[in-house]
Amino acid sequence: MFTPQIGHFNDLLILRDSEVGLILDGGEDLGNILLPKRYIPETYEIGERIKIFLYLDSDDRPIATTESPKAIAGEFAYLKVIDSTRAGSFLDWGLPKDLLLPFGEQPKRSRVGDYVVVYIYLDEISNRLVASAKLKKFISEKAPSNYKAGMEVDIMAVEKTDIGIRSIVNDKFWGFLKGEIIEKTFEFGKKTKGYVSRITEENFLDLSLQPPGYKKVSGAAEKLLNCLGVSDGGFLPIHDKSSPEEVRKITGMSKKVFKQAVGKLYKEKKINIQDKGISLL
């Protein structure tokens with residue numbers, strides 16, 4: 001028999017109405033679960049199923065909500081520390097009850113106002129949803145053999161190092177954003193789409209936010225065409241002598257990628273290269 005999972009979204013059966021909300025079927029293990037009145041949708045029927053997120057209230061009882069947290073159990077998230085007690089730090093994860101980050105799960109002490117990357121999980125001993133900032137416990141250094149160069153992945157940038165930006169790949173593996181990607185302005189802790197640019201002999205992942213090889217140039221060329229299309233008179237005041245900052249500000253791409261895109265579009269006779277910029281043909 002299916003058992004609803006705490007820390008996850010579940011489709012639960014509506015058993016009945018009550019004065020405080022809807023009573024949902026949590027099965028033999030969890031029993032009846034309350035969906036408080038403030039979360040009840042405008043239309044519903046007794047006997048139908050409703051999608052809810054299941055977590056624990058202040059008395060550690062299972063409770064349902066139709067709101068979405070910033071991350072669920074088994075995921076990483078970049079969360080703000082909003083309180084601190086003897087038990088640990090408390091994080092804002094988008095639900096009424098804040099998420100506990102125990103002091104024992106902090107590599108260094110977090111202060112109120114800090115943002116920290118954490119892994120969310122259900123602690124088997126206390127049966128509570130908690131967070132951990134000791135990320136190495138939950139991430140593998142090496143990717144499996146089915147990961148290939150060019151593969152699209154989810155990337156969360158965690159910290160800048162001497163060899164690149166250490167990032168979490170698909171909530172499972174470490175990887176490094178390298179080369180031109182260091183120029184890009186982006187938010188640490190924010191998940192974004194990226195690509196595996198190279199897999200080392202040791203099965204470590206090198207990453208990029210741009211598709212590798214031809215796809216990279218082709219995608220940049222299309223993006224540059226779109227920029228020209230919405231510009232005044234189909235003209236952009238940037239060229240091979242422009243600074244990387246100017247190119248980035250106008251196109252959102254590095255100067256290296258911009259030059260590759262210009263070369264591709266010029267060969268295809270889609271643009272004209274002038275002393276002061278480029279224009280559509």
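Within each chain, residue numbers correspond to sequence positions counted from 1 in written order. Predicted model: local features are reported for residues with pLDDT of at least 70 only, side-chain atom pairs are reported and counted for 80 or more only, and whole-chain, interface and lining totals are derived from all residues. As a rule here, side-chain values cover all heavy atoms of the structure and leave hydrogens and water aside.

Participant: Help me understand the nonpolar core in this model?
Facilitator: Side chains of a nonpolar character, in soluble globular proteins, are inclined to be buried together. One finds Leu24, Leu35, Ile52, Leu91, Trp93, Leu99 and Val118 to be the most contacted residues of the largest nonpolar core, which totals 33 residues. Among the elements that line this core, the one with the most residues is strand E4 (residues 49-56), at six residues. Contacts: residue pairs with any heavy atoms within 4.5 Å of one another. For leucine 99, the residues in contact, after removing those within four places along its chain, are Leu79, Ser89, Phe90, Leu91, Trp93, Ile120, Leu129, Val130 and Ala131. Side-chain atoms within 4.5 Å link the members of a nonpolar core, which is a set of buried Ala, Val, Leu, Ile, Met, Phe, Trp, Tyr and Cys residues. The buried label goes to any residue with under 20% of its type's maximum accessible area, the exposed label to any with over 50%, and the partly exposed label to all in between, with areas taken from a 1.4 Å probe on protein chains only. Core analysis: the next-biggest nonpolar cluster, separate from the first, contains 16 residues, Ala221, Leu236, Ile271 and Ile278 among them. Counting from the N terminus, the helices are the DSSP runs of H or I reaching at least four residues and the strands are the DSSP runs of E reaching at least two.

Participant: So what exactly am I meant to see when it comes to the sheet that holds strand E11 (residues 152-161) here?
Facilitator: To summarise the sheet geometry, strands pair through backbone hydrogen bonds and adopt either a parallel or an antiparallel arrangement. Paired strands, as defined in this entry, are two strands with at least two bridges between them according to DSSP. Taken in spatial order, the five strands close into a barrel running E11-E12-E13-E15-E14, and their pairing is mixed. Strand-to-strand, the axes of this sheet are offset by a mean angle of 55 degrees, without reference to chain direction. The sheet contact formed by E11 and strand E14 (residues 191-199) spans five bridges and is antiparallel. Bridge assignment links isoleucine 155 to a residue of E14, and that residue is threonine 192. Axis definition: a line fitted to C-alpha atoms, limited for helices to the stretch in contact. Angles are taken between N-to-C directions and run from 0 to 180 degrees.

Participant: What is the right way to read the pattern of salt bridges from this model?
Facilitator: Any two side chains of opposite charge can pair if their charged atoms end up close together. Salt bridge criterion: a side-chain nitrogen from Lys or Arg within 4 Å of a carboxyl oxygen from Asp or Glu. This structure, assessed with the given rule, holds 12 salt bridges. Two residues, arginine 128 and aspartate 60, come together in a salt bridge whose shortest N-O distance is 3.0 Å. With arginine 128 in the loop between strand E9 (115-122) and strand E10 (129-132) and aspartate 60 in the loop between E4 and strand E5 (62-65), this pair connects stretches of sequence that are 68 residues apart.

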